[in-house]
Amino acid sequence: MRSQELRAAFVDFFTARGHKHVAPASLIPDAMSTTLFTIAGMEQFVPAFLGDEPPPAPRAVTVQRCLRVAGAKSDIENVGRTGRHGTFLEMLGNFSFGDYYKAEAIAFAWEFCADVLRLDKDKIAVTVHAGDDEAARIWECEIGLSPGRITRFDEDNFWTMGNTGPCGPCTELFYDTGEANMSSPDDTAPNRGDRFVEFWNVVFQQYNRGSDGKLSELPKKAIDTGAGFERMLALVNGKTSMYETDLFTDLIEAQPPATAASVTAAERLARRNIVADHARAVTFLIHDGVYPSNTDRGYVLRFLIRRAIRNGRLLGYRGGFLTALVPAVVKSLESGYPDLRKNTSRIQSALSTEEQTFERTLERGMNLLEQLIAQANEDCSRLISGRDAFALHDTYGFPIELTREIASDSGVAVDAAEFEQAMQGQRERARSDAASKRTSVSAAEMPAVKSEFLGYEGLEAEGRIVAIINGGQSMDTLTEGDKAQVLLDKTSFYAEKGGQIGDRGVLHFGDALFEVSDTQFTGEAIAHHGVMRRGILRVGDSVRTEVSSEWRREIRRHHTSAHLLQRALKDVLGEDVAQAGSWVGIDRMRFDFRSPTGALSPEQRREVGARVNEMIRDDVPLETDVMPVAQAQASGAISMFGEKYGDQVRVVRAGPSVEFCGGTHAHSTGELGMFIILNEFSIGSGIRRIESCVSRSAEEHVDRQQTLIAELSSTLSTTPEELNDRVSRLQKDVRELQNAVGDLKSRLAAADVQRYVERAERLGDKMFVGAVVQEANAEALRHLSGAIRQRIRSGVIALAGVDNGAVSLLVSASEDLVKSGVHAGHLLKLAAPKVEGKGGGQPQQAQGGGKNPSGAQDALDTIRDALSA
């Protein structure tokens, strides 16, 4: 049975028994989830289990993609080395939301295994919770299993998805793979070794574990089945390893030949398995909107990519092999996930960028790590400090897990506690002022408020004050001079969201006036941050909300420009351009995007700007519709990868631009006036940022540029049209003068050669010339050193040039001294710290520099002492 046949068989079995086939969730769970990634089929149904949302149907069936890399459910250490562990996996699940319970769930599991998969019934054993007599009775009395094939466990048969959330006792199905797979003589029953493979888990969702660890009953008892697709596929095909199924054999065959002769056959197979597993994981992570970064999900993706690259390199694979595997992954999985195919190019682009980035840093990082490992073995500590591990992480992009894994191959550990201290210090240094924007008030004091935004209709509205927060405390009254956050049930003020900054304006109540300087969300409430300018406000007062017309006007124009810019980028660079973030202010806009071509060329930059301005000149009215998310997707509207959307979404059409968006926008594209790209640069792996402006800010920018050009033209006595040629000529003149000055300095220094030769010292059997040379740069030192070498054929020359507050260092060793062990590069490395600098080089000549002229003589003395020793 092939993988697509098993998926179809499972879904068909349960849909025939009244289950609704529900589409799988993304690998990125809901924002309220306690897990970083989706780790189980039941995650998308947690709100239904808790009674917070209605279930999609009384009965449901899914095939859910999952990722288990970190935490309690992680199997990363065993991936590729056992036949049953992987990071990316699929969960077959059938669910009941208060419909059926233990008897039916157990009967369904048995019927599917026995009648559809035709597994040998005599080789199936089960486990139940130690206190679950009902499940044990069903297995024995209704299914007909002998008591000897029913085992009871406590913690092993109580399933949880984490520290909090739905949980309950469970019953698991195991398959006996035979004595040949026994781990020990005691491996005669489930949970004793490798012989019995667990492949089906029926969880009787009964409780909710709170943050205090206490269990409370769920509103309705539910069924949550998690059947391991890969393990089941292996069993039904008579295999003991999932890596022997078509899910992996095709990916293993698609890999390049392993050319590393030093790798054993078993190790070669394990590493090829790891590459295949990680290729599946990273393909789906990027498909679901995760991109490499140094935080959260992006960090895990980067770790998996770099772990796969390292294993490939150990097998002798050439660079780019992981990107080349993507089509094979898509071909393997597209029968279950048809939308993979259309994202192939985007996935390969992101992977290629990350592979190239890591290949550039891997060599340097590996060299340092190998030195650290060698040092740890030499000093018998067998330990790499957390400080050094952090340097590898921070400078070379080595995830700590990868450092630990590579080090452990040589019997060396990493000081994890010290590493975490360094990481914590970085986190604290990197904290922004975001917390200061949030209202700090306890849940007990905060009323359950969900503000209604009325700002799409206009700048003014009526709202009632439902809470006032001052200094983190809830209060009833505001008087003149008080700074506070006012929460309203309805408002025309837009709270910062989706990159668009919050509105400013005023709240009126009679003669009372509250000036709003910022608007932020506090939960689902909209908090108006500001100061009471006059009068009194009380909870319960009905106020008039009035947004600053200038503030809103400029923001909505810049926000609209983001839509036009994305359309222009896709038109010029291709549809693979994907938005990665944005920030919209009153005087400029930032747009982050994933570029399939890297930096914009000057011509592309001009084309993008021209395309945006063309759409502005078309002066097309903007259209806004609220529609079901499926209808919006079918219309071709662009959405943000990884963004969560409700059942109804807002779609904004601005000429050829059609996007999901909840922000505020111009009435027509012509309102924007003019679009100008201010800057374009990289902000991360594969991510570019464009800073731009429109409307009044664009006019002011043009005015400043024109004034600057006029002033420069006047100063240089030329016209604006000839300004570029005039500056080019001036630059040429400056370079010629600099060369002339440098040549003069070199000649003056060389003229003093005899003086330096006469000051030569004999240090044992070595001649040494050391001198601090004033007003000499690196070029002058090279000329002087060459002239001295013509007079002193054997010896060491050490020169420190001081020029404009900087120090240049040069060390030269004659060929005979190099053969006797003298190394100019080593000598310079000893001296450089004395001038607060660095440097190095070859045995015969080395150069460096620093910023502390007062240490120049100390640097030379250090070299003299080293030669004397």
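None of these values were measured; they are calculated from a predicted model.

Some points on the packing of aromatic side chains
Aromatic ring pairs are described here by two measures, namely the spacing of the ring centres and the angle between the planes.
Logical step 1: Going through the model one piece at a time under the given rule, you end up with 23 aromatic pairs.
Logical step 2: Ring centres 4.9 Å apart and planes at 10° place the aromatic pair Phe88 and Phe284 in the stacked group. Taken together, the positions of Phe88 in strand E3 (residues 88–97) and Phe284 in helix H7 (residues 265–287) put the pair 196 residues apart, joining distant regions of the chain.
Logical step 3: Overall, Phe284 belongs to the buried group, its relative accessible area being 0%.

Some thoughts on the sheet that holds strand E26 (residues 648–654)
Logical step 1: Reading across the sheet, the three strands line up as E25-E26-E27 and stay open at both edges, with antiparallel pairing between neighbours. Since the sheet does not close on itself, it has two edges, and those belong to strand E25 (623–628) and strand E27 (657–660), each with one partner. The sheet shows a mean angle of 25° between the axes of neighbouring strands, taken without regard to direction.
Logical step 2: In this structure, E25 lies alongside E26, joined through six bridges in antiparallel fashion. Opposite Asp625, over in E26, you have Val651 as the bridge partner.
Logical step 3: Sheet strands in contact with helix H15 (residues 549–573) are E26 and E27, and its direction is about 115° off that of E27.

Concerning the packing of helix H3 (residues 102–116) against helix H4 (residues 133–143)
Logical step 1: Where H3 contacts H4, the two axes come as close as 10 Å, and the packing angle between them is 50°. If you check the angle between H3 and H4, you find them oblique. As H3 runs across H4, the sense of the crossing is right-handed. Two secondary-structure elements touch here, H3 through Lys102, Ala103, Ile106, Ala107 and Trp110 and H4 through Glu134, Ala135, Ile138, Trp139, Glu142 and Ile143.
Logical step 2: In terms of residue class, the contact of H3 with H4 is built from eight nonpolar, no polar and three charged.

Some points on the side chain of Arg864
Logical step 1: Tracing the backbone shows Arg864 in helix H24 (residues 856–868).
Logical step 2: Here the side chain of Arg864 touches Glu761 through a polar contact of 2.9 Å, side chain to side chain.
Logical step 3: There is a polar contact of 2.5 Å between the side chain of Arg864 and the side chain of Asp861.
Logical step 4: Sequence-distant contacts of Arg864, defined by excluding residues within four places in its chain, comprise Glu761, Leu763, Phe768 and Gln857.

Considerations on the nonpolar core
Logical step 1: Trp200 and Phe398 are the most contacted members of the largest nonpolar core, which totals 111 residues.
Logical step 2: Top contributing element to this core by residue count: helix H10 (residues 344–378), with ten residues.

As for the pattern of salt bridges
Should their charged atoms come close, side chains of opposite charge can pair.
Logical step 1: Per the stated rule, a full pass over the model turns up 44 salt bridges.
Logical step 2: Taking the shortest distance from any N to any O, the salt bridge between Arg280 and Glu230 comes out at 3.2 Å. Here Arg280 is found in helix H7, whereas its partner Glu230 is found in helix H5 (residues 229–236), with 50 residues between them in sequence. Judged on exposure class, the residue Arg280 and its partner Glu230 are both buried.
Logical step 3: Here Arg557 ties to Glu554 by a salt bridge, and the two come within 3.5 Å at their closest N and O atoms. Placement of the pair is Arg557 and Glu554 together in helix H15, with a separation of three residues, close to one helical turn.
Logical step 4: Arg557 gets classed as buried once you look at its relative accessible area, which sits at 15%.
Logical step 5: A single network of salt bridges, built from pairs that share partners, joins Arg567, Lys570, Asp571, Glu575, Arg611 and Glu614.

A word on the confidence of the model for the protein chain
Logical step 1: Looking at the protein chain, pLDDT values average 89 and 95% of them are 70 or higher.
Logical step 2: Taken element by element, the protein chain is modelled with least confidence in helix H14 (residues 434–437), mean pLDDT 42, and with most confidence in helix H16 (residues 602–617), mean pLDDT 97.
Logical step 3: Residue range residues 432–446 is modelled with pLDDT below 50. Its contacts to residues more than four positions away, or to other chains, number 21 contacts.

A word on the sheet that holds strand E23 (residues 578–584)
Logical step 1: With antiparallel pairing, the four strands of this open sheet are ordered in space as E23-E24-E29-E28. Every other strand in the sheet has two partners, leaving E23 and strand E28 (675–684) as the edge strands with one partner each. Here the strands of the sheet are splayed against their neighbours by 20° on average, with no regard to which way each runs.
Logical step 2: Examined bridge by bridge, strand E24 (residues 589–594) and strand E29 (residues 687–694) share six bridges and lie antiparallel to one another. Directly across from Arg590, in E29, lies its bridge partner Glu691.
Logical step 3: Packing of H15 onto the sheet brings it into contact with E23, E24, E28 and E29, and relative to E24 it is tilted by some 30°.
Logical step 4: The strands that helix H18 (residues 695–715) touches are E28 and E29; relative to E29, the one it contacts most, it runs at about 90°.

Rules of the game
Residues numbered from 1 in each chain as written. Predicted model: local features only at pLDDT ≥ 70, side-chain atom pairs only at ≥ 80, totals over all residues. Heavy atoms only, no water. Phe/Tyr/Trp six-rings, centres within 6.5 Å; stacked < 30°, edge-to-face > 60°. Helix = DSSP H or I, 4+ residues; strand = E, 2+ residues; numbered from the N terminus. Buried < 20%, exposed > 50% of the residue type's maximum accessible area, 1.4 Å probe, protein only. Pairing = 2+ DSSP bridges. Axes fitted to C-alpha atoms, helices over the stretch in contact; angles between N-to-C directions. Contact = heavy atoms within 4.5 Å. Parallel < 35°, antiparallel > 145°, perpendicular 65-115°, else oblique. Left-handed = near helix turned anticlockwise from the far one by under 90°. Nonpolar A, V, L, I, M, F, W, Y, C, P; charged D, E, K, R; others polar. Polar contact = N/O pair within 3.5 Å; in protein donor to acceptor, adjacent residues only side chain to side chain. Core = buried A, V, L, I, M, F, W, Y, C linked by side-chain atoms within 4.5 Å. Salt bridge = Lys/Arg side-chain N within 4 Å of Asp/Glu carboxyl O. pLDDT = per-residue confidence, 0-100.

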